[in-house]
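Residues per chain are reported as follows:
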Amino acid sequence: MAPHSGQLKPAVRVANLVRRFAAKTILDGVELDIGEGEFVALLGKSGSGKSTFLRALAGLDHEVKGTGTLETPEKLSVVFQDARLLPWRTIIQNVTLGLRGETGQEAGRKALAEVGLEGRETAWPNQLSGGEQQRVALARSLVREPALLLADEPFGALDALTRLKMHDLLRELCATHRPAVLLVTHDVDEAISLADRILVLDEGRFVEDLRVDLAVPRDHGDPRFAQIRTRLLSRLGVDAPGRRAA
Ligand SMILES: Nc1ncnc2c1ncn2[C@@H]1O[C@H](COP(=O)(O)OP(=O)(O)OP(=O)(O)O)[C@@H](O)[C@H]1O
């Protein structure tokens, strides 16, 4: 299968990407195009290579091989499960790190307001909850107006209610900033709630490339939502209806 982004101009082009660790092949000639502004979620069993793929796209893996292509935009941002804020810098300093002058400060304040943290600019990271810290991480990413946002389980450590709020926030931010997104997640419902396309990685290849043509915000009670969930769970080897993949 050679997943592609349909009519959209590609922001990401990957062809024949190979990654081995010792004798184990984790990415086995992976192919993928992600269109500009397209939101792609990546599912797969634990250990299937999702983070390995994301790290390759982020340019963090110098040993990834292949005779093909790995093209990503210069302006890309990465968000991880932990916010990775600098504890010795204030919130606004974390967001504006590397940005210059009053324009940078203004952009930082605006980004913090967008994620609902207006007035918290001079707080320290340890004065924020886990969810608030992830909001800062999102602000720090988006203030750079990336053409590609890579997110590796960004809400994995949050409680269920906070996670749902973060879904709404991410959806709004992406509608405003329109980066292409690759979201790695274990949460099938999270993928269906947020993504335009859902990929499943298994044994080094994408075994599913599903377009989600449901209106936004997505209605979890819609029978088509349930159909997509069932199909994805079956691809992930989870049979029980309604259960989430682990
Ligand atoms: N630096 C490394 N050295 C050796 N093996 C590695 C390395 N990084 C990852 N692996 C192996 O590659 C496989 C894929 O790991 P990866 O973290 O990409 O999976 P994943 O799908 O993101 O898993 P999870 O959902 O549990 O986070 C695993 O078997 C892992 O042990």
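Analysis parameters
- Residues numbered from 1 in each chain as written.
- Predicted model: local features only at pLDDT ≥ 70, side-chain atom pairs only at ≥ 80, totals over all residues.
- Domains from an automatic or database assignment.
- Contact = placed C-beta atoms within 7 Å.
- Helix = DSSP H or I, 4+ residues; strand = E, 2+ residues; numbered from the N terminus.
- Nonpolar A, V, L, I, M, F, W, Y, C, P; charged D, E, K, R; others polar.
- Near = placed C-beta within 6 Å.
- Pairing = 2+ DSSP bridges.
- Axes fitted to C-alpha atoms, helices over the stretch in contact; angles between N-to-C directions.

## Section: the domain arrangement of the protein
Then comes step 1: Examined at the domain level, the protein breaks down into domain 1 (1-75 + 146-246) and domain 2 (85-144).
Then comes step 2: Inter-centroid distance (C-alpha atoms) of domain 1 to domain 2 is 26 Å.
Then comes step 3: Contact with domain 1, which involves 13 residues of that partner, is made by 9 residues of domain 2.
Then comes step 4: Here the side of domain 1 that touches domain 2 takes 6 residues from helix α5 (residues 160-177), the largest share from any one element.
Then comes step 5: Residue composition of the side of domain 1 that touches domain 2, grouped by class: 10 nonpolar, 2 polar and 1 charged.

## A word on the environment of Ala139
Then comes step 1: Positionally, Ala139 belongs in helix α4 (residues 130-142).
Then comes step 2: Expressed as a C-alpha distance, the spacing of Ala139 and Gly116, which sit 23 residues apart in the sequence, is 9.7 Å.

## Brief notes about the environment of Ala111
Then comes step 1: Among the secondary structure elements, Ala111 is positioned in helix α3 (residues 101-114).
Then comes step 2: In sequence terms Ala111 and Cys174 are 63 residues apart; their C-alpha atoms lie 13 Å from each other.

## What about the site of the ligand?
Then comes step 1: The environment of the ligand is made up of Phe21, Ile26, Gly44, Ser46, Gly47, Ser48, Gly49, Lys50, Ser51 and Thr52.
Then comes step 2: Ranked by residues supplied to the shell around the ligand, first place goes to helix α1 (residues 50-57) with 3 residues.
Then comes step 3: Taken together, the residues of the shell around the ligand sort by class into 2 nonpolar, 7 polar and 1 charged.

## A closer look at unusual backbone geometry
Then comes step 1: The step from Val216 to Pro217 runs through a cis peptide bond, and the omega angle for that step is -5°.
Then comes step 2: Structurally, the position occupied by Pro217 is in the loop between β9 (205-211) and α7 (223-235).
Then comes step 3: Positive phi outside glycine occurs at Glu153, with the angle close to 50°.
Then comes step 4: Here Glu153 shows up in the loop between β6 (148-152) and α5.
Then comes step 5: Positive phi outside glycine occurs at Glu203, with the angle close to 50°.
Then comes step 6: Relative to the helices and strands, Glu203 resides in the loop between β8 (197-202) and β9.

## Overview of the sheet that holds β8
Then comes step 1: Strand order in the open sheet made by the 6 strands is β5-β6-β7-β3-β8-β9, with mixed pairing throughout. Lying at the two open borders of the sheet, with one neighbouring strand each, are β5 (76-79) and β9. Neighbour-to-neighbour, the strand axes of the sheet open up by a mean angle of 15°, direction not taken into account.
Then comes step 2: When strand β3 (residues 39-44) meets strand β7 (residues 180-184), the two strands line up parallel, connected through 4 bridges. In the sheet register, Phe39 faces β7, and the bridge partner there is Val181.
Then comes step 3: Docked against the sheet, α1 engages β3, β6, β7 and β8, running at close to 150° with respect to β7.

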